[in-house]
Amino acid sequence: MTTEALVRVAFTVNGAPYDLEVPARRLLSDALRHDLRLTGTHVGCEHGVCGACTVLVDGAPIRSCLVFAVSLEGAAITTVEGCRNAEGGMGPVQQAFQECHALQCGFCTPGFITTVTAYLEDHPAPTAAEAREAISGNLCRCTGYQNIVAAVQRAAEIKWGEGA
Amino acid sequence: MKPSPFSYHRPRTVEEAVELLGALGEEGKVLAGGQSLVPLMSMRLAAPAHLVDVNHIPELDTVAVTAAGVRVGATARHARVEKDAAAYDAAPLLRQGLVNVAHPTIRNRGTTVGSLVHADPSAEMPAVLALLGGSVELRSTAGSREVAAADFFVGPMESALRPGELAVAATFHRPPPRSGSAFVELARRHGDYALCGVAALVTTDHDGAVTTARVALISVGPVPVVVDVGAAVHGTGTAFDTERLAGLLDAAIDPEADIHATAEYRRHLAHVLAARALTEAHEHAGPTRDERAS
Ligand SMILES: Cc1cc2nc3c(=O)[nH]c(=O)nc-3n(C[C@H](O)[C@H](O)[C@H](O)COP(=O)(O)OP(=O)(O)OC[C@H]3O[C@@H](n4cnc5c(N)ncnc54)[C@H](O)[C@@H]3O)c2cc1C
Ligand code: FES
Ligand code: FES
């Protein structure tokens, strides 16, 4: 077997610059987990359905299992590890998930944290129905979603002032 | 669940991309948003030898509104087209269709032009193009050609795109004045492909009576099925005769059974959803802005 050709790609992850050489077929999810050892991003279905692998690219949530790492030349990527607050503690969404008991096994959680972090940027006070819609692309097999919906609303409060 | 190896190309201009695609021929495939291609490759249902990544060609990342309609460049993401206020103003059916395409996260990466080329018979945007009319602009080393919406969708997962060609943009026509549109569909789960979906476009006269009414249906034929349902409009022009509507639809659609629904159920959905979409479209058809102002 011939060794696979490597392709060079440079991007930032959580603000840190990376210059990698990876096979072209390396999914971003695998580049993050295996090449960069950022194992916060979880991989469930690997075909775009479950949402566990969601990361932010230039601020917008995307499925890291549906994009090749080499395609993200020049991008700014944020993973769940980058959703902390400025002091390095839990960010507003993480704090709300803890307070509201919005996770059980935690497998789906990184995808929710990233998705909700981006959502709150332009939705400062979501209703329960809006919160439900915001997380409709993420699957959770444990919680039954009720506490996650509560956490989305609580995270908005923490982030946008009341009760921080 | 990992794609097989391929050679990767990252052109920076359309010219460079077209040269590459011309040289690669059948071996080369365009990578746009990857929201259909990457899962197919991960499941090993597709194993292209070469991918030409068009995501780094700035000239393709455009949404432009003209007198004729909305021209969407190849790398404009679904989300961008959906949120574009001028595009919504010119052809509301774009946004009405797009909010039914998968989840917001998929729409952040998937492209509208990619969805047209992919030509999934359950996809919303091919129906939107088929109903509004318009064209897809294809470029190759041999030059440019413009394929009309009616000729672009050839069969399930098959468009008129030939090996070596890049779809650079699609133009969706602006509907006539005093038109209204709507897109309704039913899916098993929020964000899934629809069991059946209907786009409707209704145009009215100065008194609000329907003058033309057409629908485009998805998931009930090999390509989006466009049906002129003008004959189902009541004499008064204010409502639709559901029985006549069902007859017109049945003559045009050919639903198939699969694990999600029987053919009969899809046929039922076509009738119900078309009536709903037409009523909603009629409600949206109002006087033009100039007429309202005068
Ligand atoms: C979980 C999930 C749910 C989805 N649900 C829906 C849904 O409900 N409705 C729906 O319509 N879609 C749905 N999609 C698909 C999504 O809309 C895709 O984005 C779209 O079908 C393809 O666009 P893309 O840019 O991702 O294309 P890609 O995946 O990059 O490409 C698809 C095909 O088109 C070709 N192609 C793409 N662009 C060009 C071009 N400019 N020139 C030449 N060839 C080109 C590629 O070579 C490939 O063969 C879903 C996807 C996922 C993962
Ligand atoms: S692992 Fe990416 S969506 Fe499931
Ligand atoms: S907490 Fe277990 S899948 Fe969501």
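For every chain, the first residue of its written sequence is number 1, and the numbers climb from 1 along that sequence. By the order in which they are written, chains take letters starting at A while ligands take numbers starting at 1. Totals for whole chains, interfaces and linings use every residue, but because this is a predicted model, local features are given only for residues with pLDDT of at least 70 and side-chain atom pairs only at 80 or more, for both listing and counting. Derived side-chain values reflect all non-hydrogen atoms in the structure, with water molecules and hydrogen atoms excluded from consideration.

Asks: I'd love a proper account of the site of ligand 1, names of residues and values included.
Replies: Residues and elements named next belong to chain B. If you check the shell around ligand 1, you find 31 residues, and the closest are V30, G34, L37, T111 and E124. Pairs of N or O atoms are called polar contacts if they sit within 3.5 Å, as long as, within protein, a hydrogen donor faces a hydrogen acceptor (for residues adjacent in sequence, only side-chain-to-side-chain pairs). Contacts to ligand 1 include G34, whose backbone N or O atom sits 2.7 Å from an oxygen atom. Taking 970 Å² as the accessible area of ligand 1 by itself, protein coverage stands at 95%. If you list the elements that add at least two residues to the shell around ligand 1, you get β2 (28-31), α7 (112-118) and β10 (166-173). All residues other than Ala, Val, Leu, Ile, Met, Phe, Trp, Tyr, Cys, Pro, Asp, Glu, Lys and Arg, Gly among them, are scored as polar; the first ten of these are nonpolar and the last four charged. Split by residue class, the shell around ligand 1 holds 15 nonpolar, 13 polar and 3 charged. Definition of nearness: a residue and a molecule or strand are near each other if at least one heavy atom of the residue lies within 4 Å of the molecule or strand. Using a 1.4 Å probe, accessible areas were evaluated by the Shrake-Rupley method; residue-level cover was limited to the displayed protein chains. Here a strand is any run of E in DSSP of at least two residues, a helix any run of H or I of at least four, and the numbering for each starts at the N terminus.

Asks: Account for the nonpolar core, naming residues and giving values.
Replies: Residues and elements named next belong to chain B. Here the nonpolar core consists of buried residues drawn from Ala, Val, Leu, Ile, Met, Phe, Trp, Tyr and Cys, with membership extended through side-chain atoms lying within 4.5 Å. Accessibility here uses a 1.4 Å probe with only protein chains present; expressed as a share of the type maximum, an area under 20% marks a residue as buried, one over 50% as exposed, and anything in between as partly exposed. Among the nonpolar cores identified, the biggest contains 50 residues, and L94, L116, L166 and F172 are the most heavily contacted of them. With 6 residues, the single largest contributor to this core is helix α8 (residues 124-132). Note that the domain bounds reflect an automated or database-derived domain assignment. For this core, the two domains that each supply at least three residues are domain 1 (1-54 + 61-174) and domain 2 (179-288). Only heavy atoms matter for contacts: two residues are in contact if any of them lie within 4.5 Å across the pair. Contacts of L94, omitting those with residues within four sequence positions, involve V70, V81, A87, M125, V128 and F172.

Asks: Help me get a handle on the environment of A263(B), residues and values and all.
Replies: Of note, A263(B) is situated in helix α11 (residues 263-284). Sequence spacing of A263(B) and A277(B) is 14 residues, and the spatial spacing of their C-alpha atoms is 20 Å.

Asks: With reference to specific residues and values, describe the domain arrangement of chain B.
Replies: Residues and elements named next belong to chain B. When its domains are assigned, chain B resolves into domain 1 (1-54 + 61-174) and domain 2 (179-288). On a C-alpha basis, the centres of domain 1 and domain 2 stand 25 Å from each other. In this complex, domain 1 contributes 23 residues to the contact, which on the side of domain 2 involves 22 residues. Note on definitions: buried area is the accessible-area loss of two parts on being combined, 1.4 Å probe, summed for both. In total, about 1800 Å² of surface goes out of reach between domain 1 and domain 2, with carbon and sulfur atoms giving 63% of it.

Asks: Tell me what's going on with the interface of chain B and chain A, and back it up with residues and numbers.
Replies: One widely used convention gives an interface's size as the accessible area the parts lose upon coming together. Taken together, the contacts link 29 residues of chain B with 28 residues of chain A. Here chain B packs against chain A, burying approximately 2300 Å² in sum over the two surfaces, 60% of which is carbon and sulfur. By definition here, a salt bridge exists when the distance from a side-chain nitrogen of Lys or Arg to a carboxyl oxygen of Asp or Glu is within 4 Å. Viewed at the interface, chain A and chain B are joined by 3 salt bridges. A salt bridge links K2(B) to E46(A); the shortest N-O distance between them is 2.6 Å. Ranked by residues supplied to the side of chain B that touches chain A, first place goes to helix α2 (residues 37-42) of chain B with 4 residues.

Asks: Please give an account of the sheet that holds strand β4 (residues 63-65) of chain B that cites residues and values.
Replies: Residue and element names in this part refer to chain B. For two strands to pair, DSSP has to find at least two bridges joining them. Here we have 5 strands laid out as an open sheet, ordered β4-β5-β10-β6-β7, and antiparallel in their pairing. Edge positions in the sheet fall to β4 and β7 (143-148), since each of these pairs with one other strand and no more. The sheet shows a mean angle of 20° between the axes of neighbouring strands, direction not considered. Of the strand pairs in this sheet, strand β6 (residues 134-140) and β10 are connected by 6 bridges, and their pairing is antiparallel. Opposite R139, over in β10, you have L166 as the bridge partner. Along the sheet face, α8 touches β6 and β10 and points at about 55° away from the line of β10. Axis definition: a line fitted to C-alpha atoms, limited for helices to the stretch in contact. Angles are taken between N-to-C directions and run from 0 to 180 degrees.

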